[in-house]
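# Architecture at a glance
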Amino acid sequence: MIRISLDLMGGDFGPQVVIPGAAKALDRHPDIYFVFYGLKEQCDPVLAKFPKLKEKSVFHDCELAVSMEEKPSQALRRGRYISTMWRSIEAVKTGDADVAVSAGNTGAMMAMAKFCLRTMANIERPAIAAIWPTLKGESIVLDVGATIGADAQQLMDFALMGGAMARALFEIERPTIGLLNVGVEEVKGQEEVKEAGRLLREANIDSLEYSGFVEGNDLGKGTVDVVVTEGFSGNIALKTAEGTAKQIAEYLRAAMSRTLLARIGYLFAKGAFDMLREKLDPSKVNGGVFLGLNGIVIKSHGGANAEGIAAAIEVGYDMAKNGLNQKIENDLKKYHAKRLPPMGPEAA
């Protein structure tokens, strides 16, 4: 059984959407057991509509919910130990849950997760990894906004963590890794990115295959399984992709309703358009994974619908079931063991 602690108050719609999302996830994965954290007066009426969900969960009443507008420092100061977000994360620390999921304030969530769970040994910065739809299926992109900027060693750590996530999520034995850059030539880009490329080439890690630099257009192509970048460019890429998907959907909707002939043509091509809509639906790939912490934390998009919440829960389910953190820890140990100088007779 996979135990998932869920912040029922997170996101733009709170329990009205989060609870139905949990019910959808439970229907698809009956081995989930939920540990709910919410405000009782708001959650009880919604939970009453899902008796099956109530049977497979325990509810904890909390004192407050972190708002979407609060600054991370304010949220941490006000909501530490007592908020639905903090307690859902703390459940992972205490062993009461295998993974925490929230659609709440991203900055507050990262601050609380770092403070509560701490970073893994040898990890300076955590990263947020997003699942990215591509022409070949799906890939992983990180960091998409945990922190701004990263040096070569931090990018190297992101590559190790992203590779472990690809193995856990996609069941790929040796995922391919690319560094996002302004060109594929080795002489291009910032010094940190070029140095990270050198580290990846020389590391010769068994669990991943370094493919070199990739450009922005490679994200959608699925050129590699894992794209590594720092949080500023990663977040811009993510928001650009989300905006472009909505833009294309609006263009299609407008074009298909412009004339009678277009509407007739739409009827004949409805199957193809439904497939395209499915591909462009952000809820299908919802769920950012906080990597580098001593516990698994999943961030759902704040505006997600019930299907999107279910998708985020299922990402957490897969990560816990496939031992994400154990894979990361093993890869980090192997890499850092190679970096240690050999013990000579004098050192011994």
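Conventions adopted
Residues numbered from 1 in each chain as written. Predicted model: local features only at pLDDT ≥ 70, side-chain atom pairs only at ≥ 80, totals over all residues. Heavy atoms only, no water. UniProt positions renumbered as here; feature names shortened; annotations may be inferred. Patch = residues over 30% accessible without salt bridge, like charges linked within 9 Å, V, L, I, M, F, W, Y side chains within 5 Å. Areas by Shrake-Rupley, 256 points an atom, 1.4 Å probe, with all protein chains shown as cover. Salt bridge = Lys/Arg side-chain N within 4 Å of Asp/Glu carboxyl O. Helix = DSSP H or I, 4+ residues; strand = E, 2+ residues; numbered from the N terminus. Buried < 20%, exposed > 50% of the residue type's maximum accessible area, 1.4 Å probe, protein only. Contact = heavy atoms within 4.5 Å. Expected span 1.5 Å × (residues − 1). Polar contact = N/O pair within 3.5 Å; in protein donor to acceptor, adjacent residues only side chain to side chain. Phe/Tyr/Trp six-rings, centres within 6.5 Å; stacked < 30°, edge-to-face > 60°. Axes fitted to C-alpha atoms, helices over the stretch in contact; angles between N-to-C directions. Parallel < 35°, antiparallel > 145°, perpendicular 65-115°, else oblique. Left-handed = near helix turned anticlockwise from the far one by under 90°. Nonpolar A, V, L, I, M, F, W, Y, C, P; charged D, E, K, R; others polar. Pairing = 2+ DSSP bridges.

Looking up the protein chain in an unreviewed UniProt entry gives the name Phosphate acyltransferase, with the organism given as Rhizobium binae. Under the UniProt heading Subcellular location (unreviewed entry), the entry covering the protein chain gives this text: "Cytoplasm".

Judged by side-chain polarity, Ile148, Phe232 and Ile236 come together as a nonpolar surface patch covering roughly 310 Å² of accessible area. Residue placement: phenylalanine 232 occurs in helix α10 (residues 231-256).

Our next topic: the pattern of salt bridges. Applying the stated criterion to the full structure yields twelve salt bridges. In this structure, aspartate 98 engages arginine 3 in a salt bridge whose closest nitrogen and oxygen atoms are separated by 3.0 Å. Residue aspartate 98 is found in the loop between α5 (84-94) and β4 (99-102), and its partner arginine 3 is found in strand β1 (residues 2-7); the two are separated by 95 residues along the sequence. Residue aspartate 98 is classed as partly exposed on the basis of its relative accessible area of 26%.

Buried within α5 we find Thr84, Met85, Trp86, Ser88, Ile89, Ala91 and Val92. Where the residues of α5 are buried, they touch β1, β2 (32-38), α4 (72-79), β4, α6 (106-117) and β11 (296-299). One or two residues past the end of α5 sits glycine 95, with phi positive at roughly 85°.

This part covers α10. Look at α10: 38 Å from first C-alpha to last across 26 residues, which is about the 38 Å you get at 1.5 Å a residue. Along α10, the residues that are buried comprise Gly231, Gly234, Ala237, Leu238 and Ala245. One side-chain oxygen of the residue at the start of α10 lies 2.8 Å from the amide nitrogen of phenylalanine 232, identifying that residue as glutamate 230.

Following the sequence through the fold, methionine 1 ends up in the segment before β1. Each C-alpha atom, one on methionine 1 and one on proline 30, is 8.7 Å from the other, the two residues being 29 residues apart in sequence. Not counting residues within four places of it along the chain, the set of residues in contact with methionine 1 comprises Asp31, Ile32, Tyr33, Lys56 and Asp98.

This brings us to the packing of aromatic side chains. Summed over all chains, the structure comprises three aromatic pairs. Aromatic pair tyrosine 81 and tryptophan 86: ring centres 5.1 Å apart, planes at 70°, arrangement edge-to-face. An angle of 55° between the planes, with centres 6.0 Å apart, marks the rings of tryptophan 86 and phenylalanine 115 as tilted. Here the residue tryptophan 86 occupies a position in helix α5, and phenylalanine 115 occupies one in helix α6, the gap between them amounting to 29 residues. Judged by relative accessible area, phenylalanine 115 falls into the partly exposed class, the value being 31%. Of the aromatic side chains, those joined through ring pairs into one cluster are Tyr81, Trp86 and Phe115.

Two elements in contact, helix α1 (residues 15-28) and helix α2 (residues 40-47), have axes separated by 10 Å at closest approach and are oriented at 45°. Between α1 and α2, the crossing angle belongs to the class labelled oblique. The element α1 and its partner α2 pack so that their crossing is right-handed. Across the interface between the two elements, Pro15, Gln16, Ile19 and Pro20 of α1 pack against Gln42, Cys43, Val46 and Leu47 of α2. Residues belonging to the contact of α1 with α2 are distributed by class as follows: six nonpolar, two polar and no charged.

Here the focus is the pairing of β11. In β11, alternate side chains face the same way, and those of Ile296 and Ile298 on one face and Val297 and Lys299 on the other are all buried. In this structure, β4 lies alongside β11, joined through four bridges in parallel fashion. Across the sheet, the residue bridging to valine 99 is isoleucine 296, located in β11. Note: strand β10 (residues 288-291) against β11, three bridges, orientation antiparallel. In the sheet register, glycine 288 faces β11, and the bridge partner there is lysine 299. In sequence, β10 turns back onto β11 through a hairpin of four residues, with glycine 292 there showing a positive phi of about 100°.

The next thing to look at is unusual backbone geometry. Cis geometry is found at the peptide bond from leucine 142 to aspartate 143, where omega equals 0°. Tracing the backbone shows aspartate 143 in the loop between β6 (137-142) and α7 (152-170). Not every positive phi belongs to a glycine, and tyrosine 81 is a case in point at roughly 75°. Positive phi, normally seen in glycine, also occurs at asparagine 122, with a value near 75°. Counting through the fold element by element, asparagine 122 comes out in the loop between α6 and β5 (127-134).

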